[in-house]
Amino acid sequence: MTNNKLKKVVLINQHTTYIFIDIINSFCKEYDEVVLVAGVVRPMAIPLDPKVKVVSIPMYNKKNIVTRIISWFLGFVKSVFLLNFYYRKHDVFVSTNPPLNNFITLFCKNKVSLLVYDVYPDGLIAAGFMTKNNLIYKIWASLNRKAFKKFKSIVAITNGMAKLLSTYVESSKILVVPAWANQSLSNVNDSNETNDFISKFNLKDKFLIIYSGNLGIKHDLESLVELAKNLTEYKDIEVLIIGEGFKKSIIEDLINNYNIKNCQLLPYLPANMFLSMLQAMQVGVVSLEKETSQISIPSKTFNILGVGKPIICLGTKESDLAELLEINQAGMSFTSDSIETLTSFVIKLYADKNYYAQLTENASKLSLKFSYKNADLILKDHLEKLI
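This section reports on the structure supplied with the text. (Residues numbered from 1 in each chain as written. Predicted model: local features only at pLDDT ≥ 70, side-chain atom pairs only at ≥ 80, totals over all residues. Heavy atoms only, no water.)

1. Concerning the packing of helix α7 (residues 222-230) against helix α12 (residues 339-351)
Then, number 1: As a packed pair, α7 and α12 sit with axes 10 Å apart at the nearest point and diverge in direction by 60 degrees. Considering their axes alone, α7 and α12 lie oblique with respect to each other. When the axes of α7 and α12 are compared, the crossing they make is right-handed. Across the interface between the two elements, Ser223, Glu226, Leu227 and Asn230 of α7 pack against Ile339, Glu340, Leu342, Thr343 and Val346 of α12. (Axes fitted to C-alpha atoms, helices over the stretch in contact; angles between N-to-C directions. Helix = DSSP H or I, 4+ residues; strand = E, 2+ residues; numbered from the N terminus. Parallel < 35°, antiparallel > 145°, perpendicular 65-115°, else oblique. Left-handed = near helix turned anticlockwise from the far one by under 90°. Contact = heavy atoms within 4.5 Å.)

2. Re the sheet that holds strand β11 (residues 237-242)
Then, number 1: Here six strands make up an open sheet; going across it, the order is β12-β11-β10-β13-β14-β15 and the pairing parallel. Lying at the two open borders of the sheet, with one neighbouring strand each, are β12 (263-266) and β15 (331-334). Taken pair by pair, the neighbouring strands of this sheet meet at an average axis angle of 20 degrees, ignoring direction.
Then, number 2: When strand β14 (residues 311-314) meets β15, the two strands line up parallel, connected through four bridges. (Pairing = 2+ DSSP bridges.)

3. Some points on helix α4 (residues 135-148)
Then, number 1: Between its first and last C-alpha, α4 extends 20 Å over 14 residues, near the 20 Å set by a 1.5 Å rise per residue.
Then, number 2: The complete set of buried residues in α4 reads Tyr137, Trp140, Ala141, Asn144, Ala147 and Phe148. Burial along α4 is one-sided: seen end-on, the buried residues are contained in an arc of 130 degrees. Across from the buried face of α4, at angles greater than 90 degrees, the exposed residues are Leu135 and Lys146.
Then, number 3: Between a side-chain oxygen at the N-terminus of α4 and the backbone nitrogen of Ile136 the separation is 2.7 Å; the capping residue is Asn134. (Expected span 1.5 Å × (residues − 1). Buried < 20%, exposed > 50% of the residue type's maximum accessible area, 1.4 Å probe, protein only. Arc of directions from axis to C-beta. Polar contact = N/O pair within 3.5 Å; in protein donor to acceptor, adjacent residues only side chain to side chain.)

4. Structural notes on the environment of Gln14
Then, number 1: Turning to its location among the elements, Gln14 is positioned in the loop between β1 (8-12) and β2 (15-16).
Then, number 2: Overall, Gln14 belongs to the buried group, its relative accessible area being 0%.
Then, number 3: For the pair Gln14 and Lys62, spaced 48 residues apart in sequence, the C-alpha separation works out to 12 Å.
Then, number 4: Here Gln14 is in contact with Ala38, Gly39, Val40, Ile57, Pro58, Met59, Tyr60, Ser71, Trp72, Gly75, Asn97 and Pro98, once residues within four sequence places are set aside.

5. Brief notes about the packing of aromatic side chains
Then, number 1: What the rule picks out here adds up to 20 aromatic pairs.
Then, number 2: Between Phe27 and Phe93, the ring centres sit 5.2 Å apart and the planes meet at 55 degrees, which makes this aromatic pair tilted. Taken together, the residues span a long stretch of sequence, with Phe27 in helix α1 (residues 18-27) and Phe93 in strand β6 (residues 91-95) at a distance of 66 residues.
Then, number 3: A relative accessible area of 0% places Phe27 in the buried class. (Phe/Tyr/Trp six-rings, centres within 6.5 Å; stacked < 30°, edge-to-face > 60°.)

6. A closer look at the packing of α7 against helix α8 (residues 248-258)
Then, number 1: In contact at an axis separation of 10 Å, α7 and α8 are set at 15 degrees when each is read in the N-to-C sense. Classified by the angle their axes make, α7 and α8 are roughly parallel. Judged by the twist between their axes, the crossing of α7 over α8 is right-handed. Only Ile250, Ile251, Leu254, Ile255 and Tyr258 of α8 make contact with α7, whose side of the interface consists of Glu222, Val225, Glu226 and Lys229.
Then, number 2: Residue composition of the contact of α7 with α8, grouped by class: six nonpolar, no polar and three charged. (Nonpolar A, V, L, I, M, F, W, Y, C, P; charged D, E, K, R; others polar.)

7. Notes on the pattern of salt bridges
Then, number 1: Per the counting criterion, the structure on display carries eight salt bridges.
Then, number 2: Taking the shortest distance from any N to any O, the salt bridge between Asp32 and Lys7 comes out at 2.7 Å. Taken together, the residues Asp32 in the loop between α1 and β3 (33-38) and Lys7 in the segment before β1 connect sequence positions 25 residues apart.
Then, number 3: Classification of Asp32 as partly exposed rests on a relative accessible area of 48%.
Then, number 4: For Lys7, a relative accessible area of 35% puts it in the partly exposed group. (Salt bridge = Lys/Arg side-chain N within 4 Å of Asp/Glu carboxyl O.)

8. Description of the pairing of strand β8 (residues 153-156)
Then, number 1: Both faces of β8 are covered, namely the face carrying Ser153 and Val155 and the face carrying Ile154 and Ala156.
Then, number 2: Alignment of β8 against strand β9 (residues 174-176), held across three bridges, turns out to be parallel. Bridge pairing in β9 places Ile154 opposite Ile174.
Then, number 3: Taken together, β8, helix α5 (residues 159-165) and β9 constitute a β-α-β crossover, and its handedness is right-handed. (Right-handed = clockwise from strand over helix to strand, strands pointing away.)

As structure tokens, this is what we get:
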């Protein structure tokens, strides 16, 4: 696979976390000079290869839609500047973070490959921000068709994404490579006695059902409070909702109105406690936005599977994630009108140790399909299609 002409590469991701870090480290095996252009780099236990040079661009600002767009634009402009004035002869591998990276081939002459985390502008339509009649959509879609033709390779992380992308570019250019769990998970202590998360929040001997992430307007988190309400007689079962976002005050009010003690709302955890939280849970929760459920599987899914825990999927039963869990019997999917079924499922997990053990075994086996070695597949595809 080695080619002496492939010496220098620039990788661009405005918000770089473990999946992209694994990709970067894989690229280090083939490239002599590796440059990461990023707004922030957040490794866990697996650091960047020391040969990587990090060049800063503006950070992704999630505060609101205006700050997001401004930070996308600033990050994109600086990336284009760097490619045209400092890295004109480098190969390039970019993610759709910021989404404007879709257009980067229109502004540079480098050989560029693309990793798609989210499909834009289709994601904006799915989220209800615009329709296909919107002028912005029409312009963006048109630019996609022009820009995508110039990418050497395109990697999608779900089949649903690949199907959407095929409306902009020929399918032969698209490779589907699923995301994967953080390599650090194997280093986390499984003991209730020494787990930092359990100690900090006094959760020893609790059966923990945990959601951690964005408390977004379209995430069904109310179902978790309703679940906790149904489980008040089970003193050892605790529901934790961790994160920030639009629904924080709604969830807080609901917990207070029900006056339940078995459901806690916690702020985002520091990075050094994230892995302990994953290991502490008995069941992980993934909440899907209905509109994007067919084109995205959140990365937290793979981390939950990586610690061998069953998953409760809240959202639509027609999602890629729901199908994945059902086929592999590693969890179940529920809608907001199936709280009683959800309650029964949790009680069975709690009371039937053999059933719980079977699902944890299934989750662990399933996680093996989503290995960090998938980063090598991305590298291989990139190198083969550069020629």
